[in-house]
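# Architecture at a glance
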Amino acid sequence: MQISQNSVVTLHYTVSTEDGTELDSSTGGEPLSALLGSRFLISGLEEALQGKAAGEKFDVTVAPEKAYGERLDHLVQAVPASMFEGMEVEPGMQFRATTDAGEQSVIVIEKTDDEVIIDGNHPLAGIALSFEVEVLDVREPTEDELAHGHVHGKGGCNH
């Protein structure tokens, strides 16, 4: 069976930056299962999986716009340090912030006595990602998986 929209795909992957820095891998552990079209995987990887079948191995580099997007300068902002009163704030810490666009994750990138510089970009925004993929299984989703928008059972959410 070839992979298409709404296929349940089980795979092993290794993802790295273009310079070879490994970011994550399922190899040697549990494989990843995903329902294609559910937005669980980045769009560039979903596109690369289309038409593949169990047993295939391939490499693909996904451009930032098909991964976590380009970096947006306006998502880096200085906010008053008083907003974090009573908290030990250090660079690298992550928080959920309420914005005009709703809840958003932000990372502290710098702190002074007067202000805290936060970044609302995804940590991998602006970075091309290289994947090594081995497709282990492809199947049709169950009715429940389609209704819920995710894989159930082994490799999925078990709900």
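Residues numbered from 1 in each chain as written. Predicted model: local features only at pLDDT ≥ 70, side-chain atom pairs only at ≥ 80, totals over all residues. Heavy atoms only, no water.

### Focus on the overall build of the protein
A count of helices and strands for the protein gives 2 helices and 9 strands. Across the protein, helices and strands are ordered from the amino to the carboxyl terminus as β-β-β-α-β-β-β-β-β-β-α. Overall, the C-alpha framework of the protein stretches about 60 × 35 × 25 Å when taken along its three principal axes. Counting the 159 residues in the protein, one finds 37% classified as buried. When the accessible surface of the protein is split by element, carbon and sulfur atoms take 48% of a total near 9600 Å². For the protein, the distance from the average site of its 9 positive side-chain charges to the average site of its 29 negative ones is 6 Å. (Helix = DSSP H or I, 4+ residues; strand = E, 2+ residues; numbered from the N terminus. Buried < 20%, exposed > 50% of the residue type's maximum accessible area, 1.4 Å probe, protein only. Areas by Shrake-Rupley, 256 points an atom, 1.4 Å probe, with all protein chains shown as cover. Lys, Arg positive; Asp, Glu negative; His and termini not counted. Charge placed at Lys NZ, Arg CZ, Asp CG, Glu CD.)

### Points about the layout of surface pockets
There is about 380 Å³ of room inside the largest pocket. Lining the largest pocket are 18 residues, with Phe40, Leu41, Ile42, Tyr68 and Phe131 sitting closest to its centre. Looking at the lining of the largest pocket residue by residue, the classes come out as 14 nonpolar, 1 polar and 3 charged. Its volume calculated, the second largest pocket comes out at about 330 Å³. In this structure, the second largest pocket is lined by 16 residues; those nearest its centre are Gln77, Ala97, Thr99, Val106 and Ile118. Elements represented by at least two residues in the lining of the second largest pocket include exactly strand E5 (76-80), strand E6 (94-99) and strand E7 (102-111). For the lining of the second largest pocket, the leading source of residues is E6, giving 5 residues. Of the residues belonging to the lining of the second largest pocket, the class tally is 9 nonpolar, 6 polar and 1 charged. (1 Å grid on protein atoms, 1.4 Å probe; cavity = no way out; pocket = protein on both sides within 12 Å on 5 of 7 lines; lining within 4 Å. Points joined across faces, edges and corners; volume = space filled by probe spheres on them. Nonpolar A, V, L, I, M, F, W, Y, C, P; charged D, E, K, R; others polar.)

### What to know about the sheet that holds strand E8 (residues 115-119)
Whenever strands of a sheet pair, they do so through backbone hydrogen bonds, lying parallel or antiparallel. Reading across the sheet, the 4 strands line up as E5-E8-E7-E6 and stay open at both edges, with antiparallel pairing between neighbours. This sheet does not close on itself; its edge strands, each paired only once, are E5 and E6. Sheet twist, expressed as the mean angle between neighbouring strand axes with direction ignored, is 45°. Summarising the sheet, E6 and E7 pair through 6 bridges and their orientation is antiparallel. (Pairing = 2+ DSSP bridges. Axes fitted to C-alpha atoms, helices over the stretch in contact; angles between N-to-C directions.)

### Remarks on the domain arrangement of the protein
Under the domain assignment used here, the protein contains domain 1 (2-68 + 125-148) and domain 2 (73-119). On a C-alpha basis, the centres of domain 1 and domain 2 stand 32 Å from each other. (Domains from an automatic or database assignment.)

### Comments concerning the environment of Tyr13
Mapped onto the fold, Tyr13 is located in strand E1 (residues 8-17). Under the relative-accessibility criterion, Tyr13 is labelled buried at 14%. Sequence separation between Tyr13 and Phe131 is 118 residues; the distance between their C-alpha atoms is 6.6 Å. Look past the residues within four positions of Tyr13 in its chain and what remains in contact with it is Asp24, Ser25, Ser26, Thr27, Leu32 and Glu132. (Contact = heavy atoms within 4.5 Å.)

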